[in-house]
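Observations on the three-dimensional arrangement
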Protein chains: 2
Amino acid sequence: MSSPSSTDRRPLRVALLGCGVVGSQVARMLTEHAADLAARAGAPLELVGVAVRDVSVPREGVDPALLTTDAGPLVDAADIVVEVMGGDEPARGLMLRAIAGGAAVVTANKALLASDGPALYAAADEAGVDIYFEAAVAGAIPIVRPVRESLAGDYVRKVLGIVNGTTNYVLDQMSTTGLGLDEAVAQAQQLGYAEADPTADVGGHDAAAKAAILASLAFHTRVTLDDVACEGITSITADDVAWAAKTGHVVKLLAIAERTPDGVSARVHPALVPADHPLAGVRGAFNAVFVEAEAAGDLMFYGQGAGGAPTASAVLGDVVSAARHRVLGGKGPEESTYAALPVVPASSAITRYQVRLLVVDRPGVLAQVAHLLADQGVSIEAVRQAPSDRPAGVDEPSGLAHLIITTHTATEAALAGTVEAVAALDPVREITSVLRVEGA
Amino acid sequence: MSSPSSTDRRPLRVALLGCGVVGSQVARMLTEHAADLAARAGAPLELVGVAVRDVSVPREGVDPALLTTDAGPLVDAADIVVEVMGGDEPARGLMLRAIAGGAAVVTANKALLASDGPALYAAADEAGVDIYFEAAVAGAIPIVRPVRESLAGDYVRKVLGIVNGTTNYVLDQMSTTGLGLDEAVAQAQQLGYAEADPTADVGGHDAAAKAAILASLAFHTRVTLDDVACEGITSITADDVAWAAKTGHVVKLLAIAERTPDGVSARVHPALVPADHPLAGVRGAFNAVFVEAEAAGDLMFYGQGAGGAPTASAVLGDVVSAARHRVLGGKGPEESTYAALPVVPASSAITRYQVRLLVVDRPGVLAQVAHLLADQGVSIEAVRQAPSDRPAGVDEPSGLAHLIITTHTATEAALAGTVEAVAALDPVREITSVLRVEGA
């Protein structure tokens, strides 16, 4: 690369506002991954301070000397301000102060963006600085860049989002277990998927804030929380969920942003989604955003919409973008080959396998094959035996059986040797197939 | 906005190389959406010429005066060169000429990037220009920006991609119909999902080129086609697919890029994917890229991986990015509110509904309800009647039944009036639920 090394540059000063579930992960990753982040950002990223309400509370992995209750001066001295404190004030005032001081702002504060986004964007435009908010829409799921940049040459017609993990978990549980709403919410609370007061989630208010941001993004129009019609899942019964299944649907709480002949509509409500729609397969606490675009057709973005580490991932992606913009003047899709890792042959890949055999159908064969695999150091996860439809004959009076063996992880090389040895066993007639198993 | 109007600026000159399935859509969209693209790009985008092999072939929607066989001078005069001709030469030479001349390059040429990417990136680095290639990886699916920018603060561990629509269609058909490979390929050919010579798809070579690009992207390392171990679906049998189902899996052709302790591995092969994995739900000719990242966790990007309009959408997104970078110096996440559409109330939203009623179980009730809906102008898509488990009594000697009505699209207002009228009908005991249907 022709540019000077990233470590030669003046460090960029990062101020962190808030050190809760997300902030502590941001602080950890900024520190632990400092060298890699510097290479990616084009300059070292220096965490210069962490604004908290109470400095006497220890924060794991954060140098206590960085903690301060005096956020103002911290903001004034920063190149990049990361706001993960949430809530209205002091977040709003501190963000405006950062903008006025010329710092780039990275925020995960969906409620504030949904209510005060237009004012914040206007202030940033005025000051010529950037606000990044990938973490505010759907946690770790990249949605801001895809919609704003990748689809910049297309027209978005409609966005359907499962953007609240709590309600998706609750509806999913109702669907798989037949539980009623209250029982499913109680279970979600026990497992930490729902707050003690679940109103913001169950009432659809969290999803409504995200609907406002999604609508603004998709249609390049200022949509605020007040514009969003909001209906939660409180009226959904076990019967509704059961009847949905009977008619080939699942119930999902959707945040919807839609281009209509008259303008833009944004709303949140439960809806029946056809069982074969990609959104129907979004299970548990996962989130997904489904986009219908004129030329691109249907797109879906899927991932974790909440949680400390996933949200911190989105925040740090924005921090790197903000830093690159400062250092390189926004050089866009640079070819970044800073890692330059060796490429290893596929035969060293470690994966799981499913091996299908045709064996003589007599007692002890399964044990014999399992024994051989164990001798070869290949660990079995599951074995299944099923009679073959090939009729018994003179040579094979007891007929043949299929043996389906699923292994734990093994290298290609280890497996190849094992398959050869299995094929040579007396009761084995045929190795019917060897397939790798991925995603498990 | 404080910046000058986009139409005040000097137009950016766009040269189009190739006018086939993708190129003709790019030309159409550049022309039809000129005003919107100018607003998004920050300057008008002027299509200054289209290089083709034979100017005598008419291209629908393209001004014949723009066609030329002399691509060189066209490239020399352009600010942005869009390469959608495919193949090796002359594409490679023209891209290098564009780079040397200081133009930004947008390409959909996966084969060329997989083989010669490193040389092209090096040339672009040297000249200080950008190469954009969102369309080369998975068609319309935004994957370059999410991986390169949104995940810039994270570590990608593994990428699993369904990146070839033809083989996914074929495997999906084998799975749903029990067809053998040859029959499924023949059917895909009849429907236009497979080429007359399906070798590049079925043999995994198309997927291998994408695996090389995905691995380079995910691990910031130069991986070329030669590094990718490639196995197609030619050995997959109807039995393999049937047994996969019996053991809770589906067979998918995967492009895999993986971080291993020793470096990076890239490979393409068929694999068993658990039926509840998000990739298992990717049906027909759709593509998806599943990413496992350290902090973000599991992410998936889903959409159309091929076709004229979807690929053109990705190309135009890149053209707008390239233009913004030229005009605004790469100002990143600008708040773009150029559309400023009115926000309409949710009650004007037009959607489909499923209404569940409890009615007296006697002949003619269904017809009576259907008649009323027709009178109100609400069109019925489906009605289903099912006996209620409430026992018959003195008042309801014939018992009660559930009536589940799914409507075609209607406004909220029209539906509200209709539900009221239905509730007033004599045999209707209860409106049990009214739910919207989305995604159908």
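Residues numbered from 1 in each chain as written. Chains lettered and ligands numbered in written order. Predicted model: local features only at pLDDT ≥ 70, side-chain atom pairs only at ≥ 80, totals over all residues. Heavy atoms only, no water.

1. A look at the UniProt feature "active site" (unreviewed entry) in chain A
Residue and element names in this part refer to chain A. Under the UniProt annotation, the feature "active site" (unreviewed entry) is placed at Lys210. Among the structural elements, Lys210 can be located in helix α11 (residues 205–219). Within the structure, Lys210 has its side chain in polar contact with the backbone oxygen of Val163 (distance 2.7 Å). (UniProt positions renumbered as here; feature names shortened; annotations may be inferred. Helix = DSSP H or I, 4+ residues; strand = E, 2+ residues; numbered from the N terminus. Polar contact = N/O pair within 3.5 Å; in protein donor to acceptor, adjacent residues only side chain to side chain.)

2. So, the packing of helix α4 (residues 91–100) of chain A against helix α5 (residues 110–127) of chain A
Residue and element names in this part refer to chain A. Running from N to C, α4 and α5 cross one another at 15°; their axes reach a closest spacing of 10 Å. Between α4 and α5, the angle falls in the class roughly parallel. As for how α4 packs across α5, the hand of that crossing is right-handed. On α5, the residues touching Ala91, Arg92, Met95, Leu96 and Ile99 of α4 are Leu112, Asp116, Leu120, Ala123, Ala124 and Ala127. Residues belonging to the contact of α4 with α5 are distributed by class as follows: nine nonpolar, no polar and two charged. (Axes fitted to C-alpha atoms, helices over the stretch in contact; angles between N-to-C directions. Parallel < 35°, antiparallel > 145°, perpendicular 65-115°, else oblique. Left-handed = near helix turned anticlockwise from the far one by under 90°. Contact = heavy atoms within 4.5 Å. Nonpolar A, V, L, I, M, F, W, Y, C, P; charged D, E, K, R; others polar.)

3. Topic: the interface of chain A and chain B
Facing the 115 residues of chain A at the interface are 115 residues of chain B. Together chain A and chain B conceal approximately 10,200 Å² of surface at their shared face, both sides included; 55% is due to carbon and sulfur atoms. Inspection of the region where chain A meets chain B yields 10 salt bridges. We note a salt bridge from B:Glu438 to A:Lys158, for which the minimum N-O separation is 2.8 Å. For the interface between chain A and chain B, the tally reads 33 residue pairs in polar contact (both at pLDDT 80 or more). The greatest single-element share of the side of chain A that touches chain B, amounting to 10 residues, is contributed by strand β10 (residues 263–274) of chain A. Partitioning the side of chain A that touches chain B into residue classes produces 55 nonpolar, 30 polar and 30 charged. (Buried area = accessible area lost by both parts, 1.4 Å probe. Salt bridge = Lys/Arg side-chain N within 4 Å of Asp/Glu carboxyl O.)

4. Things to note about the pairing of strand β7 (residues 156–162) of chain B
Residues and elements named next belong to chain B. For β7, the tally of buried residues reaches six of seven residues, placing the bulk of the element in the interior. Bridge analysis of β7 against strand β11 (residues 286–293) gives six bridges, and the strand direction is antiparallel. Each residue of the ladder has a partner; that of Lys158, found in β11, is Glu292. For β7 and strand β9 (residues 249–260), the ladder comprises four bridges, and the chain directions are antiparallel. Looking at the pairing, Gly161 lines up with Ala255 of β9. (Buried < 20%, exposed > 50% of the residue type's maximum accessible area, 1.4 Å probe, protein only. Pairing = 2+ DSSP bridges.)

5. Focus: the nonpolar core
In terms of nonpolar packing, the biggest core is built from 161 residues, with A:Phe133 and B:Phe133 touching the most fellow members. Excluding residues within four positions of it along the chain, A:Phe133 makes contact with A:Thr107, A:Leu113, A:Tyr121, A:Val144, A:Arg148, A:Ile213, A:Leu217 and A:Asp318. (Core = buried A, V, L, I, M, F, W, Y, C linked by side-chain atoms within 4.5 Å.)

6. Let's talk about the domain arrangement of chain A
Residues and elements named next belong to chain A. Taken as a whole, chain A is organised into domain 1 (8–137 + 309–328), domain 2 (144–305) and domain 3 (346–437). Spacing between the C-alpha centres of domain 1 and domain 2 amounts to 28 Å. Each partner contributes residues to the interface: domain 1 has 16 residues there, and domain 2 has 16 residues. Summed over both partners, the interface of domain 1 with domain 2 buries about 1,300 Å², with 63% contributed by carbon and sulfur atoms. On the surface where domain 1 and domain 2 come into contact, there are three salt bridges. Lys110 is the partner of Asp206 in a salt bridge, and the nearest nitrogen-oxygen pair spans 3.6 Å. At the boundary of domain 1 with domain 2, the tally comes to five residue pairs in polar contact (both at pLDDT 80 or more). Those elements giving two or more residues to the side of domain 1 that touches domain 2 turn out to be α5, α6 (134–138) and α13 (308–328). For the side of domain 1 that touches domain 2, the element with the highest residue contribution is α5, accounting for seven residues. Grouping the amino acids of the side of domain 1 that touches domain 2 by side-chain chemistry returns 10 nonpolar, three polar and three charged. (Domains from an automatic or database assignment.)

7. Topic: unusual backbone geometry
Residue and element names in this part refer to chain A. Cis geometry is found at the peptide bond from Glu89 to Pro90, where omega equals 10°. Of note, Pro90 is situated in the loop between β4 (80–83) and α4. Despite not being glycine, His220 shows a phi value in the positive range, around 50°. Mapping His220 onto the fold places it in the loop between α11 and β8 (229–230). Overall, His220 belongs to the buried group, its relative accessible area being 6%.

8. Here we look at the sheet that holds strand β6 (residues 131–132) of chain A
Residues and elements named next belong to chain A. Taken together, six strands build an open sheet; the order of strands is β3-β2-β1-β4-β5-β6 and the sheet is parallel. Strand pairing shows two members of the sheet lacking a second neighbour, β3 (67–68) and β6, which therefore form its edges. Bridging between strand β2 (residues 45–51) and β3 involves two bridges; their strand directions are parallel. Along β3, the bridge assignment pairs Ala51 with Thr68.

9. Quick word on the packing of aromatic side chains
Within this structure, the stated rule accounts for seven aromatic pairs over all chains. Consider the rings of A:Phe286 and A:Tyr302, whose centres lie 4.9 Å apart with planes at 5°: the pair is stacked. With A:Phe286 in strand β11 (residues 286–293) and A:Tyr302 in strand β12 (residues 297–304), this residue pair connects regions lying 16 residues apart in the sequence. Over the face of the ring belonging to A:Trp243 we find A:Lys246, whose NZ or CZ atom lies 4.0 Å from the ring centre. Against the face of A:Tyr155 rests B:Arg40, its NZ or CZ located 5.0 Å from the ring centre. (Phe/Tyr/Trp six-rings, centres within 6.5 Å; stacked < 30°, edge-to-face > 60°. Lys NZ or Arg CZ within 6 Å of the ring centre and 35° of its normal.)

10. So, the pattern of salt bridges
Per the stated rule, a full pass over the model turns up 40 salt bridges over all chains. One salt bridge in this structure joins A:Glu258 and A:Arg267, with 3.0 Å as the shortest N-O distance. Classification of A:Arg267 by relative accessible area gives buried; the value is 1%. Residues B:Arg283 and B:Asp172 are paired through a salt bridge, measuring 2.8 Å at the closest nitrogen-oxygen approach. Within this pair, whereas B:Arg283 is found in the loop between β10 (263–274) and β11, its partner B:Asp172 is found in helix α8 (residues 165–177), the two being separated by 111 residues in sequence. Judged by its relative accessible area of 40%, B:Arg283 falls in the partly exposed class. Via salt bridges that share partners, A:Glu134, A:Arg145, A:Asp318 and B:Glu149 belong to a single interconnected network.

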